[in-house]
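# Fold and geometry: a report
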Amino acid sequence: MPRSDTTARRADARQNAEKIVQAAVACLGRNPQASMNDIAQEAGVGRVTLYGHFPSREALVEAALVRLLARGDEVLETVDLGGDPRDGLRALMESGWLLIAQASSVLQAAEEALSPRRVQELHAKPEQRVHGLIRRGQAERVFRADIAADLLSSVLHHIVHGAAGDVAAGRLDPADAPHVVAEMALAVCALPGAGRMCGGLDG
């Protein structure tokens, strides 16, 4: 086969794979139980093409989650974490909330389709960012050190996902959620009496 034909076929394959992943993100974002047929229709491809790229729904759900995590990482990389850890935590939680809100249905699909260990592995990089900030805050004595950083990080994870559930249930206004999430995170992590808190003035 001429090289130009081979190159064109590879380009078509990459394009189809990209369409499928984008369709998975869209479908799962609307409905975490979306089927392979739903995603194939959204992507405009046949089942043979779909399964040629992703042999199982689990593989496709994972690809969708990886895509969203990569997008989220690009956003979180821009958050300034170099100053006061409390300011960094506030900014990180507010930005992270928006990302989780956008990806909550895809994450639900991943939690149902993938093993807990695999979901945790895929979240390793975002969690490292939070852990690092908490550990620095503990070292600077503005975050409580009587609770391990990984446990504090886990609590923050539950705060964000709990807020997403409250928004979905109509108990929390989406416009208020970033502020609420940040305040709750600071209430959990910040050391009482450690000076300025929640953007106020040093005591």
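Structure shown above.
All residue numbers refer to position in the chain's written sequence, counted from 1. Two thresholds apply to this predicted model, a pLDDT of at least 70 for residue-level local features and 80 or more for giving and counting side-chain atom pairs, whereas whole-chain, interface and lining totals are computed over all residues. As a rule here, side-chain values cover all heavy atoms of the structure and leave hydrogens and water aside.

## Section: the packing of helix α7 (residues 124-139) against helix α8 (residues 149-168)
When two helices pack together, their arrangement is given by the angle between the helix axes and by the axis-to-axis distance. Note the following rule: To define axes, lines are fitted to C-alpha atoms, for helices over the stretch in contact only, and angles between the resulting N-to-C directions are given on a 0 to 180 degree scale. Numbering of helices and strands runs from the N terminus, with a helix taken as a DSSP run of H or I at least four residues long and a strand as a DSSP run of E at least two residues long. Geometric relationships in this document are graded by angle, where less than 35 degrees denotes roughly parallel, more than 145 denotes roughly antiparallel, 65 to 115 denotes roughly perpendicular, and other angles denote oblique. Left-handed describes a crossing whose near helix is turned anticlockwise from the far helix through less than a right angle; right-handed describes the clockwise counterpart. Note on contacts: a residue pair qualifies if any of its non-hydrogen atoms lie within 4.5 Å across the two residues. Just so you know the grouping, Ala, Val, Leu, Ile, Met, Phe, Trp, Tyr, Cys and Pro go in nonpolar, Asp, Glu, Lys and Arg go in charged, and all remaining residues, Gly too, go in polar.
For the pair α7 and α8, interaxial distance at closest approach is 9 Å and the crossing angle is 125 degrees. On the basis of their axis angle, the class for α7 and α8 is oblique. Two packed elements cross with a definite hand, and for α7 against α8 that hand is right-handed. Residues V130, H131, I134, R135 and Q138 of α7 lie in contact with α8, whose contacting residues are A149, D150, L152, S153 and L156. Residues that form the contact of α7 with α8 fall into these classes: five nonpolar, three polar and two charged.

## A few points about the side chain of S105
This is how the line gets drawn: Any pair of nitrogen or oxygen atoms within 3.5 Å is treated as a polar contact; in protein, a donor-acceptor pairing is required on top of that, and neighbouring residues in sequence qualify only through side-chain atoms on both sides.
Its location among the elements puts S105 in helix α5 (residues 85-113). Polar contacts involving the side chain of S105 include one to the main-chain carbonyl oxygen of G29, which spans 3.3 Å. Leave out the neighbours within four places in its chain, and S105 touches L28, G29 and P32.

## Side note on the packing of α8 against helix α9 (residues 177-189)
Direction vectors running N to C along α8 and α9 enclose 155 degrees, while the axes themselves pass 10 Å from each other. Classified by the angle between their axes, α8 and α9 sit roughly antiparallel to one another. Here the hand of the crossing between α8 and α9 comes out right-handed. Contacts between α8 and α9 involve L152, V155, L156, I159, V160, A163 and V167 from the former and A177, V181, M184, A185, V188 and C189 from the latter.

## A closer look at α9
Short version of the rule: An expected span of 1.5 Å times one less than the residue number is assigned to each helix. Each residue's exposure class comes from its accessible area (1.4 Å probe, protein chains only) as a fraction of the maximum for that residue type: buried when under 20%, exposed when over 50%, partly exposed otherwise. Arc definition: it is the arc formed by the directions from the helix axis to the C-beta atoms.
Taking 1.5 Å per residue, 13 residues should reach 18 Å; α9 reaches 18 Å between its end C-alpha atoms and fits that length. Along α9, the residues classified as buried are A177, P178, V181, A182, A185, L186 and C189. Each buried residue of α9 lies within a common arc of 160 degrees when the element is viewed along its axis, so the set occupies one face. Elements that come into contact with the buried residues of α9 comprise α5 and α8.

## Topic: the pattern of salt bridges
To keep things clear, this is the line we draw: Basic side-chain nitrogens of Lys or Arg form a salt bridge, by our definition, when they fall within 4 Å of a carboxyl oxygen of Asp or Glu.
Counted under the stated rule, the structure contains 13 salt bridges. In this structure, E62 and R118 form a salt bridge, with 2.6 Å as the shortest nitrogen-oxygen distance. Of this pair, E62 sits in helix α4 (residues 57-76) while R118 sits in helix α6 (residues 116-122), placing them 56 residues apart in sequence. A relative accessible area of 21% means that E62 is categorised as partly exposed. Residues R90 and E94 are paired through a salt bridge, measuring 3.8 Å at the closest nitrogen-oxygen approach.

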